[in-house]
Amino acid sequence: MKATRKERKSVFDESMEAFYRAAELIRLTPRVRLELEEPDFEHIFYITIETRDRLVPLSPEEEAQFRDLPPSSVKAGEALEPLANGQFVLHRRALLKADVTLREGVLRIPKRGLFRIEKGGPKKFKAYRIQYNQVRGPYKGGVRYHKDVSLDLFKALAAEMTWKTAIADIPFGGAKGGVRIDPQSYSKEELEHVTLRFIYKLKNLIGPYVDIPAPDVNTNPEIMAIMMRQYTDAARTPHAMRGVVTGKDVRIGGSEGRTMATGQGTVYCLEDWARWRGVSLKGARVLIQGFGNVGSATAEILHGMGARILAVQDAYGTVHDEKGIDVPALLEHCYANPQNLRKSVHGFSGAKPLPADDFWFLDADIAVPAALGGEITGEVADRMKVKVVAEAANGPTTPEGDEVLRARGIDLIPDIICNAGGVTVSYYEWLQNLRMEHWTEAEVNQRLERAIKSNYAIIRDIALDTPQRTDLHDSRTFAIGRQTDMRTAAMVLALKRIEAHYLLEGFSQ
Ligand code: NAD
């Protein structure tokens, strides 16, 4: 029977299952549990911008009545700005010196077709910033521009950041936010205005020691630069506030190594897993789903270490080579070829195409989901032929998938540590900004390696109940006297680190 709307769990409730499991296991102090069950603050607000006029393509039915409309001599170039949704932003200068024939607001542009002019004007968007918990340090989390965002989703993502920063042992709390907008329907200039208004409204609620946004879906270093400018605008010491956002371009205070950091963190986890299992990554056979920022970095680094990347899958295709894919050639195919607009592995001549459904079931050693959530279901897990799943993506394994992997003895490196490299290097960026320093990539990676490997080792010790102290890590205060799964163990580590602050600092009344 289908769950009714009321019975269906919210994204947030579902994401909190591991929290409750771990809280029970460690008998989390009841008041701390109450503090952590809901966000500190839920900021929901509205922003407005002025949009420009649009040229909207006519539907085939509408086109019939304008068949005889003569073409207008509108100069395209910069004056007509194409949008990813097929429309154009009409800048007034396009009409200067143009010879325009309009009928009922429709004009014909040579080689492009018939368009209706749609008047721009003020537009309103819903915006969010969820500040989940700050007991360990300033709130930290990305800003997402997407049409499907909601309070429920941002609460789940902000909670996740709280656990992730604790597991990475960086002095930050958790936050997340963004704007409900379809960025494909707006111009660069309009998105800049959205960003400026977003930060204008948040100005008193964020800051290098308060809440530090970062890029997430559909936001990038360019948007971070605009955020930084808006936050520091008219300040006497703007340079001292560069740490208000992370994920910036390296030329304006971003960190070396940030672009590769999440993939690099995944590889550090895999290195430590291989050492623990007594196997070598050299010659290891790897499947990678997703060839974007995280998947391509993971593939490039593993390939450089002598691993064999057997197959890579993205949204548009899957490529396969038993001998191992030439990753530099695949990177070139995806990222150095202007014809490859979707930056897809599809059509790569150096490997054979594979039916998408066969991907997860190839015989290999390592599977790296680095694309979407919910990919490794119970059914998929049941037929996988790998030794370890390294969750580079957020939430790629379903709860059933988790159970099946466990029952089949397939190791799991949970997302919360496997992809923590990104936020860890964001912390390094913040530190460099506050200290006015610029570290080399080698310095960044040296610190990252130690941070990821030691925290991963602690989680493994909690899961296996093997408390110990080595040169690299000390898990003695985190073990719980019984074994548990890796995902719960990761949450145990997060909660113990967070709880310590409440227990030692107490509560202000
Ligand atoms: P991206 O947008 O750069 O790349 C996503 C890749 O996934 C693309 O290659 C895309 O084609 C592929 N993909 C999309 N739909 C697919 C499908 N149905 N089947 C197969 N492949 C598909 O994104 P990214 O930054 O690399 O992030 C990937 C994952 O890692 C996400 O889950 C993200 O939340 C997580 N993550 C990213 C970072 C980071 O620093 N970028 C940090 C932590 C977690």
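Residues numbered from 1 in each chain as written. Predicted model: local features only at pLDDT ≥ 70, side-chain atom pairs only at ≥ 80, totals over all residues. Heavy atoms only, no water.

Here's the deal with helix α10 (residues 327-335)
Here's step 1: Within the span of α10, buried status applies to Val327, Leu330, Leu331, His333 and Cys334. Looking down the long axis of α10, one finds its buried residues gathered within 160° of arc, a one-sided arrangement.
Here's step 2: At its buried positions, α10 is contacted by α9 (293-304) and β12 (308-314). (Buried < 20%, exposed > 50% of the residue type's maximum accessible area, 1.4 Å probe, protein only. Helix = DSSP H or I, 4+ residues; strand = E, 2+ residues; numbered from the N terminus. Arc of directions from axis to C-beta. Contact = heavy atoms within 4.5 Å.)

Here we look at the environment of Ile130
Here's step 1: Relative to the elements of secondary structure, Ile130 occurs in strand β7 (residues 122-133).
Here's step 2: Once the C-alpha coordinates of Ile130 and Leu151 are considered, the two residues, 21 residues apart in sequence, prove to be 8.1 Å apart.
Here's step 3: Those residues in contact with Ile130 that sit more than four places away from it in its chain are Pro39, Phe41, Glu42, His43, Leu151, Phe154, Lys155, Ala158, Gly174, Ala175 and Lys176.

Some thoughts on the packing of helix α6 (residues 188-202) against helix α7 (residues 221-232)
Here's step 1: Contact pair α6 / α7: the axes reach a minimum separation of 9 Å and the direction vectors enclose 45°. Overall, the two elements α6 and α7 adopt an arrangement that is oblique. The handedness of the crossing between α6 and α7 is right-handed. Contact residues: Lys188, Glu192, Thr195, Leu196, Phe198, Ile199 and Tyr200 in α6; Glu222, Ile223, Ile226, Met227, Arg229, Gln230 and Tyr231 in α7.
Here's step 2: Of the residues that constitute the contact of α6 with α7, the class distribution is eight nonpolar, two polar and four charged. (Axes fitted to C-alpha atoms, helices over the stretch in contact; angles between N-to-C directions. Parallel < 35°, antiparallel > 145°, perpendicular 65-115°, else oblique. Left-handed = near helix turned anticlockwise from the far one by under 90°. Nonpolar A, V, L, I, M, F, W, Y, C, P; charged D, E, K, R; others polar.)

Notes on the side chain of Thr266
Here's step 1: The topology assignment puts Thr266 in helix α8 (residues 258-277).
Here's step 2: With residues up to four places along the chain from it excluded, the contact list for Thr266 reads Thr298, Val368, Ala390, Ala392 and Cys418.

Notes on the pairing of β7
Here's step 1: Across ten bridges, strand β1 (residues 41-50) lies against β7 in antiparallel orientation. Note on β7: the bridge partner recorded for Phe41 is Gln131. (Pairing = 2+ DSSP bridges.)

Considering the site of the ligand
Here's step 1: The environment of the ligand is made up of 18 residues, and the closest members are Thr262, Phe291, Asn293, Val294 and Ala371.
Here's step 2: Take Phe291: an N or O atom from its main chain is 2.9 Å from an oxygen atom of the ligand.
Here's step 3: When the ligand sits alone it has 830 Å² of accessible area, and the protein chains cover 66% of it.
Here's step 4: Looking at the shell around the ligand, the elements that each hand over two or more residues are α8, α9 and β12.
Here's step 5: Grouping the amino acids of the shell around the ligand by side-chain chemistry returns eight nonpolar, eight polar and two charged. (Near = heavy atom within 4 Å. Polar contact = N/O pair within 3.5 Å; in protein donor to acceptor, adjacent residues only side chain to side chain. Areas by Shrake-Rupley, 256 points an atom, 1.4 Å probe, with all protein chains shown as cover.)

Focus on the nonpolar core
Here's step 1: In terms of nonpolar packing, the biggest core is built from 95 residues, with Trp163, Leu270, Ile366, Val368, Ile413 and Leu495 touching the most fellow members.
Here's step 2: Here this core gets ten residues from one element, more than from any other, and that element is helix α16 (residues 486-505).
Here's step 3: Sequence-distant contacts of Leu495, that is, excluding residues within four places in its chain, are made with Phe19, Ala22, Ala23, Ile26, Leu28, Leu36 and Trp163.
Here's step 4: Within the second largest apolar cluster, 23 residues are counted, among which are Ile181, Tyr186, Met227 and Val244. (Core = buried A, V, L, I, M, F, W, Y, C linked by side-chain atoms within 4.5 Å.)

A few points about the sheet that holds strand β6 (residues 113-118)
Here's step 1: Taken together, the five strands give an open sheet; going across it, the order is β3-β4-β2-β6-β5, and neighbouring strands pair in antiparallel fashion. Either end of the sheet is taken by a strand with one partner, and the two such strands are β3 (80-82) and β5 (106-109). Within the sheet, the average angular offset between the axes of one strand and its neighbour, ignoring direction, is 35°.
Here's step 2: Bridge count between β5 and β6: four bridges; the pairing is antiparallel. Bridge pairing in β6 links Val106 to Arg116.

A word on the layout of surface pockets
One water molecule sets the probe size; rolling that probe over the atoms shows where empty space is left.
Here's step 1: Here the second largest pocket defines a volume of roughly 490 Å³.
Here's step 2: Lining the second largest pocket are 20 residues, with Pro183, Leu191, Asn218, Asn220 and Ile223 positioned closest to its centre.
Here's step 3: For the lining of the second largest pocket, the leading source of residues is α6, giving four residues.
Here's step 4: Within the lining of the second largest pocket, the residues separate by chemical class into eight nonpolar, five polar and seven charged. (1 Å grid on protein atoms, 1.4 Å probe; cavity = no way out; pocket = protein on both sides within 12 Å on 5 of 7 lines; lining within 4 Å. Points joined across faces, edges and corners; volume = space filled by probe spheres on them.)

Considering the pattern of salt bridges
Here's step 1: By the definition in use, this model includes 35 salt bridges.
Here's step 2: With its nearest N and O atoms 3.2 Å apart, the salt bridge here joins Asp272 to Arg460. Placement of Asp272 in helix α8 and of Arg460 in helix α15 (residues 441-464) is noted, with a sequence separation of 188 residues between them.
Here's step 3: A residue is classified by how much of its surface remains accessible, and Asp272, at 2% relative accessible area, is buried.
Here's step 4: The class of Arg460 is buried, set by a relative accessible area of 6%.
Here's step 5: Where Arg487 meets Asp415, a salt bridge forms, and the shortest distance between an N and an O atom there is 3.6 Å. With Arg487 in helix α16 and Asp415 in helix α13 (residues 415-418), this residue pair connects regions lying 72 residues apart in the sequence.
Here's step 6: Arg487 gets classed as buried once you look at its relative accessible area, which sits at 15%.
Here's step 7: Asp415 gets classed as buried once you look at its relative accessible area, which sits at 8%.
Here's step 8: Where salt bridges share partners, they join Arg285, Asp363, Asp365 and Lys387 into one cluster. (Salt bridge = Lys/Arg side-chain N within 4 Å of Asp/Glu carboxyl O.)

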